[in-house]
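Chain by chain, the residues:
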Amino acid sequence: MNFKSFHPPRRILMGPGPSDISPEVLASLSRPAIGHLDPLFVGMMDELKALLQYAFQTKNEFTIALSAPGSAGMEACFVNLVEAGEKVIVCRNGVFGDRMFQNVTRIGAEAIVVDSPWGRAVEVDKVEAALKANPDAKFLAFVHAETSTGALSDAKALCALAQQHNCLSIVDAVTSLGGVELKVDDWGIDAIYSGSQKCLSCVPGLSPISFSEKAVNVIKNRKTQIQSWFLDQSLVMSYWSGEGKRSYHHTAPVNSLYGLHESLIQLQNEGIENRWARHQEQHEALAKGLDKLGIKFIVPVEERLPQLNAIYIPEGIDDAKVRSYLLNKYNLEIGGGLGDFAGKAWRIGLMGYAARSENVALCLTTLEDALAQQN
């Protein structure tokens, strides 16, 4: 067998993730590797924590980058906080809300499911009713930005309900972090996780997470042992915190963390509110162009994610042929539908570095061309 080095083409990534990566972040990945216990690397980790605190808008001491993708961030929140037999209110309005449900049931906890229609935000009144009907519930779990549908839920209102009913909140911010308003401390979020490959525009494989002081106390005072050794945050805490020498837990992905550090430097330099505004501005430009093409959004405007645009595929148009045409002729990737929307929708991402005017213009022009090929 004669294998050769792999050299991928330069794609424009406008799907649901991963997103385009800036030249500066790509360059940071090729810097010399050093040991994950090297004092210089430990210093960089401290900066990374501070940068993540800025991105999450929190002062939570336990704010780190988990050495695994966002799905592991989800599991880390559930296995560290929830114990068998406990009751969790789970909001489900898409694929990733259902994954929360799967995490709860695998732990042996009781999931009280609040279903909302696909393509819509979590219905706050239904959540309130579920909390009132289950006064013994200990957690409220929901997806802030549902990647499978493009719907944005009211995290501030949902977390306020959780606090009123003495529940800890567990929030999926995989697609929302860095893309839309998100204020962990102001909204009282207790456990939150995200992914490096969406609006932070870093390589996949890292999951920023943050736990409130209340959540950390729950982890430290569990009745039962955490079922996952790798995801046991009581073990990871001593690697990411403390003065001087850190305890060894696992070999951290050194170069990937360089990339996340660089991407967060770019976020800080741009300003978090400016980043949120840029996503909204580019979304509005895309929406205007899609309207001219006669393409309709799935999500109502007031519940719509600017960085993940879920649109109906026009009648008579072949989903796979259009996406293949865009990829092969223009090196442009958009996403297909998931779950209930498989074969019925496209998902156009405007995430992080990809949320630029030239990308919007290219997407609209090439999509018009692809549609014309089938008429």
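Please refer to the structure placed before this passage.
What about helix 9 (residues 233-240)?
If you check which residues of helix 9 are buried, you get Gln 233, Val 236, Met 237, Tyr 239 and Trp 240. For helix 9, the angular spread of the buried residues around the axis is 165°, confining them to a single face. Here the buried face of helix 9 lies against helix 2 (39-56), strand 2 (62-66), helix 3 (70-81), strand 10 (207-211) and helix 8 (213-220).

Thoughts on the sheet that holds strand 11 (residues 308-312)
Spatial ordering of the open sheet is given by 11-14-13, a layout of three strands whose pairing is antiparallel. Where the open sheet ends on each side, the last strands, each with one partner, are strand 11 and strand 13 (335-336). Alignment of strand 11 against strand 14 (residues 345-349), held across five bridges, turns out to be antiparallel. Within the sheet, the bridge partner assigned to Ala 310 lies in strand 14 and is Arg 347.

Some words on the pairing of strand 2
In terms of burial, strand 2 is a largely internal element, five of the five residues being buried. Along strand 2, one buried face is formed by Phe 62, Ile 64 and Leu 66 and the opposite face, lined by Thr 63 and Ala 65, is buried too. For strand 2 and strand 10, the ladder comprises five bridges, and the chain directions are antiparallel. If you follow Phe 62 over to strand 10, its bridge partner there is Phe 211.

Regarding the pairing of strand 14
Within strand 14, five of the five residues are buried, leaving the element largely enclosed by the surrounding structure. Of the two faces of strand 14, both are covered, the one formed by Ala 345, Arg 347 and Gly 349 as well as the one formed by Trp 346 and Ile 348. Of the pairings in the sheet, the one linking strand 13 to strand 14 comprises two bridges and is antiparallel in character. Residue Gly 335 lies in a different strand from strand 14, and its bridge partner there is Arg 347.

So, the environment of Ala 33
Relative to the helices and strands, Ala 33 is located in the loop between helix 1 (23-28) and helix 2. Using a relative accessible area of 56% as the deciding quantity, one classes Ala 33 as exposed. Not counting residues within four places of it along the chain, the set of residues in contact with Ala 33 comprises Asn 255 and Tyr 258.

Observations regarding the environment of Glu 262
Position of Glu 262 relative to the elements: it lies in helix 10 (residues 254-270). By relative accessible area, which is 15% here, Glu 262 ends up buried. Between the C-alpha atom of Glu 262 and that of Thr 175, which follows or precedes it by 87 residues, the distance is 19 Å. With sequence-adjacent residues up to four places away left out, Glu 262 is seen in contact with Glu 24, Val 25, Ser 28 and Arg 31.

Side note on helix 12 (residues 319-330)
Here helix 12 contains twelve residues, and its C-alpha end-to-end distance of 16 Å stays within 8% of the 16 Å for a straight helix at 1.5 Å per residue. Those residues of helix 12 not exposed but buried are Asp 319, Val 322 and Leu 326. One side of helix 12 carries all its buried residues, which in axial view fall inside an arc of 80°. Residues Lys 321 and Asn 328 are exposed on helix 12 and point more than 90 degrees away from its buried face. Near the N-terminus of helix 12, the side chain that reaches the backbone nitrogen of Ala 320, with its oxygen 3.1 Å away, is that of Asp 318. A positive backbone phi angle near 55° is found at Asn 331, which sits one or two residues after helix 12.

Thresholds, definitions, all that
- Residues numbered from 1 in each chain as written.
- Predicted model: local features only at pLDDT ≥ 70, side-chain atom pairs only at ≥ 80, totals over all residues.
- Heavy atoms only, no water.
- Buried < 20%, exposed > 50% of the residue type's maximum accessible area, 1.4 Å probe, protein only.
- Helix = DSSP H or I, 4+ residues; strand = E, 2+ residues; numbered from the N terminus.
- Arc of directions from axis to C-beta.
- Contact = heavy atoms within 4.5 Å.
- Pairing = 2+ DSSP bridges.
- Expected span 1.5 Å × (residues − 1).
- Polar contact = N/O pair within 3.5 Å; in protein donor to acceptor, adjacent residues only side chain to side chain.

As far as function goes, none of this settles anything; it's purely spatial.
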